[in-house]
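What the coordinates show
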Amino acid sequence: DVKVTQSSRYLVKRTGEKVFLECVQDMDHENMFWYRQDPGLGLRLIYFSYDVKMKEKGDIPEGYSVSREKKERFSLILESASTNQTSMYLCASSSGLARTYEQYFGPGTRLTVT
Amino acid sequence: GIQVEQSPPDLILQEGANSTLRCNFSDSVNNLQWFHQNPWGQLINLFYIPSGTKQNGRLSATTVATERYSLLYISSSQTTDSGVYFCAVYADKLIFGTGTRLQVFP
């Protein structure tokens, strides 16, 4: 079974803090993704990576950066957390160069910025 | 961009009932996936189904790509089926539908 894990289920941070969300997959997938989910707005793509050290912006990259130093790990970084970044963050991975293959999601991190 | 609409938006069932969820999409897509988001927020893969019909236990799905829709069937529903069901289509990225919120009561 594909397994995608995220470092925290719940996280509370203060405005202005630097926040790291970690995601690890165990299936040697090439592609990894970060989404955020908000009521009424659905799931939106923040960033994705199709190879180590490669990254591409999604629909809402502002205020975020990412890091992929190893194939199995993809980190989302909030350089200076703000209250409008309070959300559910979901990581996913998929195999294949086409990037259209089945995506598998982690359990999510509910981040609250106060 | 591609629009993905799901119906109904909300569904309330008694345990044991059957239901059909629909997903319409506005343009040709490379593939389609159905998910169940449980009350804890995790997205669970149900089906990866570009066309045709697949079955997994009490659940089955049919995609008719030429007519731009997919259906998810849930038979003999159980309280553990509660949650939100999403379809998502692959175009240049994964685009999620609006979801169907299902509540199953004993």
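Rules used throughout
Residues numbered from 1 in each chain as written. Chains lettered and ligands numbered in written order. Predicted model: local features only at pLDDT ≥ 70, side-chain atom pairs only at ≥ 80, totals over all residues. Heavy atoms only, no water. Pairing = 2+ DSSP bridges. Helix = DSSP H or I, 4+ residues; strand = E, 2+ residues; numbered from the N terminus. Axes fitted to C-alpha atoms, helices over the stretch in contact; angles between N-to-C directions. Contact = heavy atoms within 4.5 Å. Buried area = accessible area lost by both parts, 1.4 Å probe. Salt bridge = Lys/Arg side-chain N within 4 Å of Asp/Glu carboxyl O. Nonpolar A, V, L, I, M, F, W, Y, C, P; charged D, E, K, R; others polar.

All names here are of chain A. The four strands lie next to each other as S1-S3-S8-S7, forming an open sheet whose pairing is antiparallel. Sheet topology places strand S1 (4-6) and strand S7 (64-70) at the edges, where each strand pairs with a single neighbour. Taken over all neighbouring pairs, the strand axes of this sheet differ in orientation by 20° on average, direction set aside. Bridging between strand S3 (residues 19-25) and strand S8 (residues 73-78) involves six bridges; their strand directions are antiparallel. Each residue of the ladder has a partner; that of valine 24, found in S8, is arginine 73.

So, on to the interface of chain A and chain B. Counting residues at the interface gives 18 residues for chain A, matched by 18 residues for chain B. Buried area between chain A and chain B, summed over both chains or domains, comes out near 1400 Å², and the portion from carbon and sulfur atoms is 51%. Where chain A touches chain B, the interface holds one salt bridge. When the shortest N-O distance is used, the salt bridge between aspartate 59 of chain A and lysine 93 of chain B registers 2.4 Å. Mapped by element, the contributors of at least two residues to the side of chain A that touches chain B are strand S4 (31-38), strand S5 (42-49), strand S9 (87-94) and strand S10 (104-105) of chain A. Of the residues assigned to the side of chain A that touches chain B, the class counts are nine nonpolar, four polar and five charged.

Interpretation in functional terms is not warranted from these geometric data alone.
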